[in-house]
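# Per-entry structural report
Single-letter residue listing:
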Amino acid sequence: MPALNEAGTVASVVAKVKAALPGAGVLVVDDGSTDGTSERAREAGADVARLAVNLGVGGAMRTGFRYALRNGYGVVVQVDADGQHDPEELAALLRGLDEADIMIGSRFAGKGDYKAGGPRRWAMVVLSVVMSRLAKTKLTDVTSGFKAAGPRAVALFADNYPAEYLGDTIESLVLALRGGLVVREIPVVMLERQSGTPSTSPVRSAVYLGRAGLALLLALVRRAPAADRSDAA
C-alpha cells in the first residue's frame, strides 16, 4: 500500500483490507510523508516501510515487491491508501491469478459509474488500445493502481519495477508483457476518496496526456532487463 500523507485514511483502509483478507500481511510503504501516516498505519496493524524521501508510487511499489520476495510472499496486491479501492474486490482479483500473472482492477469495464473526461480520458483510451494489442486481450484501464501480481510478476518486479512517472502502470505492464507474463483485467467499482482532494485540473490533465504518451514511448523503446526473472517459479 503506497502512501503519501494519507494519515486521514490509511488506518481505515488497512482495517478494511485485513477484514477482507484475514491472515494476509499488510505493508504500508510511507513514501516520505510529512504527517502521521506511518503512525496511523502501525496502529491499524500494518507493517511499515518508511522511505526517507519521496520516490513516487513506482519507487514505493519496488520496495513492496522486494519486501514480498524477501519474506516469502508469492502474491502482491496494490491498494491505494486514499480509500478509493474497495477491499471487497480483492478476492476477485486474487481468483484471477489462477489464469494470469497480473490482474488489473478496471474502472471502465462495465461496473460502477466512474468517469474521466478531457485529455486525461483521451490518454487512457489511447494507452488502452496500444496495451491491448501488446497483451492480445482487451484492456480498458491500464493506468489503474488496483492490481494483483502472482509469483512470476513478483520475482520480475522485485528487481526491475520502474520508478519513473507512470512507470508503475504503463512501463510495468510493458515490462511484464515483454517478459511473457499474462495480463488480464476484471471490472471493479471505484469509491470516493475518504479525505483530501483529487489532483486533477484541465492543465494537469493536458500535462498528463503528454507525459503518458512519452511514458509509453520510452517503455516500448527501452531494452528489456538482461537478466529477466519472469520465468521464475
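In case you missed it, the structure is sitting above this.
## Details of the sheet that holds strand S2 (residues 27-30)
Ordered in space as S1-S2-S3, the three strands form an open sheet in which the pairing is parallel. Each end of this open sheet is capped by a strand with a single partner; those strands are strand S1 (2-3) and strand S3 (47-50). Here S1 runs beside S2; their pairing, made up of two bridges, is parallel. Its bridge partner lying in S2, Ala 3 is registered against Asp 30. Along the sheet, helix H3 (residues 56-70) makes contact with S1, S2 and S3, crossing S2 at roughly 145°.

## Let's talk about the nonpolar core
Ranked by internal contacts, the top residues of the largest apolar core, which has 26 residues, are Phe 65, Ile 102, Met 131, Val 142, Phe 157, Leu 173 and Val 183. Residue assignment for this core shows that the elements contributing at least two residues are H3, strand S5 (102-106), helix H5 (118-135), helix H6 (151-160) and helix H7 (167-178). Val 79, Leu 90, Leu 97 and Ala 100 belong to the second-largest nonpolar core, a separate cluster that totals 22 residues.

What counts, and where the lines are drawn
Residues numbered from 1 in each chain as written. Predicted model: local features only at pLDDT ≥ 70, side-chain atom pairs only at ≥ 80, totals over all residues. Heavy atoms only, no water. Pairing = 2+ DSSP bridges. Helix = DSSP H or I, 4+ residues; strand = E, 2+ residues; numbered from the N terminus. Contact = heavy atoms within 4.5 Å. Axes fitted to C-alpha atoms, helices over the stretch in contact; angles between N-to-C directions. Core = buried A, V, L, I, M, F, W, Y, C linked by side-chain atoms within 4.5 Å. Buried < 20%, exposed > 50% of the residue type's maximum accessible area, 1.4 Å probe, protein only.

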